[in-house]
Structures are given as structure tokens and as C-alpha cells.
Amino acid sequence: MARQHSILSLILVILATFLISCGGPTVATAPPTYTTSQLEKIQEYLPEVLSVRDRSQELQKLIETNDWIDVGNFIHGPMTSLKQNMSYITSNLLSKDQPQARKITRDLLNHLVKINQAAANRNSQLALSNKQAAFADIDNFLQLLPQTSN
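Please read these numbers as outputs of a predicted model, since none were measured by experiment. (Residues numbered from 1 in each chain as written. Predicted model: local features only at pLDDT ≥ 70, side-chain atom pairs only at ≥ 80, totals over all residues. Heavy atoms only, no water.)

1. Structural notes on helix α6 (residues 124-144)
And step 1. When the terminal C-alpha atoms of α6 are compared, their 31 Å separation across 21 residues agrees well with the 30 Å that a helix rising 1.5 Å per residue should span.
And step 2. Regarding α6, the residues found buried are A127, L128, N130, K131, A134, F135, D137, I138, F141, L142 and L144.
And step 3. Along its buried surface, α6 packs onto α2 (36-53), α3 (56-64), α4 (68-90) and α5 (98-120).
And step 4. Two or three places before Q125, at the opening of α6, N123 has a side-chain oxygen 3.3 Å from that residue's backbone nitrogen. (Helix = DSSP H or I, 4+ residues; strand = E, 2+ residues; numbered from the N terminus. Expected span 1.5 Å × (residues − 1). Buried < 20%, exposed > 50% of the residue type's maximum accessible area, 1.4 Å probe, protein only. Contact = heavy atoms within 4.5 Å. Polar contact = N/O pair within 3.5 Å; in protein donor to acceptor, adjacent residues only side chain to side chain.)

Printed below as a string of C-alpha cells:
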């Protein structure tokens, strides 16, 4: 019987040692931050994004005057390069922000396709509503950027 008590005591000691070693203090990890390189890349592409965003009224005027060829040129020119710049910026965002940035970029592309289709069909109402949604996507994207970039 004494032998069973000593084996049981040994098992309890091993179990207690294991539980104590697993339950050590947790080390607080710092929240992810941007590296200098990431911030530089974001700063490199940000002015072009802001430049296109500031041309919102230009696209609206083209739609309102039914200048469909120039609407198409605007979509395939500055807006397409905007999408590309947003993709470059997305790859330099924190990993937690990248999925949302990709979703916004996809939404922007969908709105650009709808504007292009509306231009082909000469539908100014559809083009204007998607133009507003596209520029809202740009603003939503800019909100994901680090504060020092804005």
C-alpha cells in the first residue's frame, strides 16, 4: 500500500509540475506597427490616390454633360491607375487591415465597371450613383491608412 501511495504522489508531483510550467505569466506583445519602409511605400503612392479623389467633380461633370467618351477615358485612365496604386498601398498595410483594403479595392473596381457599363448605355443616373459609391470607396480606403499618411 505504501508503494501505491508513493507512485500516486509521484504522479501528482509530475502533474503539478506540468501544470505550473504551462501556466506561466503571459508575455504582452506589442501591437503591430508600421515599419519605416512600409510608411515610405504608402507615402509614395498616396499623392496619386489623393489626386484622383480630388477629381471627383470632373467625373461628375463629364457624366452630367453626357460626355461618354471622356467618362470612359477617365475610368480607363486615372481610375484604373488609382486601383493599381491602392493595391500597392494594400500590400504595405498591417496584415489586419489588408483584407478590408482588398475588399474596398474590389468594391471600387465593381463600381468602375458599372460606371463604364452605364456610359456604354448612356445611363447618367446609374453612372452618377456608382460614381458616388466609387469615391466613397476611396474615402473608406483612406481611413485604413496610418494617420501619419493622411
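2. What to know about the packing of aromatic side chains
And step 1. If you walk through the whole model with that rule in mind, you get one aromatic pair.
And step 2. Ring geometry for Y45 versus Y88: centroids 4.8 Å apart, planes at 40°, classification tilted. Of the two residues, Y45 sits in helix α2 while Y88 sits in helix α4, which places them 43 residues apart along the sequence.
And step 3. We classify Y45 as buried; its relative accessible area is 16%.
And step 4. Here Y88 falls in the partly exposed class, since its relative accessible area comes to 34%. (Phe/Tyr/Trp six-rings, centres within 6.5 Å; stacked < 30°, edge-to-face > 60°.)

3. Quick look at the side chain of D97
And step 1. Structurally, the position occupied by D97 is in the loop between α4 and α5.
And step 2. Within polar-contact distance, the side chain of D97 engages the side chain of K96 at 3.4 Å.
And step 3. Setting aside its immediate chain neighbours within four residues, D97 contacts Y34 and L144.

4. Concerning the side chain of H111
And step 1. Along the polypeptide, H111 turns up in helix α5.
And step 2. Classification of H111 by relative accessible area gives buried; the value is 17%.
And step 3. A distance of 2.7 Å separates a polar atom in the side chain of H111 from a polar atom in the side chain of D137.
And step 4. Non-local contacts of H111, meaning those with residues more than four positions away in its chain, are made with N130, A133, A134 and D137.

5. Focus: unusual backbone geometry
And step 1. Even without being glycine, N66 reaches a positive phi, approximately 55°.
And step 2. Residue placement: N66 occurs in the loop between α3 and α4.
And step 3. Since its relative accessible area comes to 43%, N66 is described here as partly exposed.
And step 4. Phi at R122 is positive, roughly 55°, even though this residue is not glycine.
And step 5. Overall, R122 belongs to the exposed group, its relative accessible area being 62%.

6. Considerations on the confidence of the model for the chain
And step 1. Looking at the chain, the pLDDT average stands at 88 and 83% of residues meet or exceed 70.
And step 2. Per-residue pLDDT, averaged within each element of the chain, yields its smallest value for helix α1 (residues 2-22) (70) and its largest for α6 (96). (pLDDT = per-residue confidence, 0-100.)

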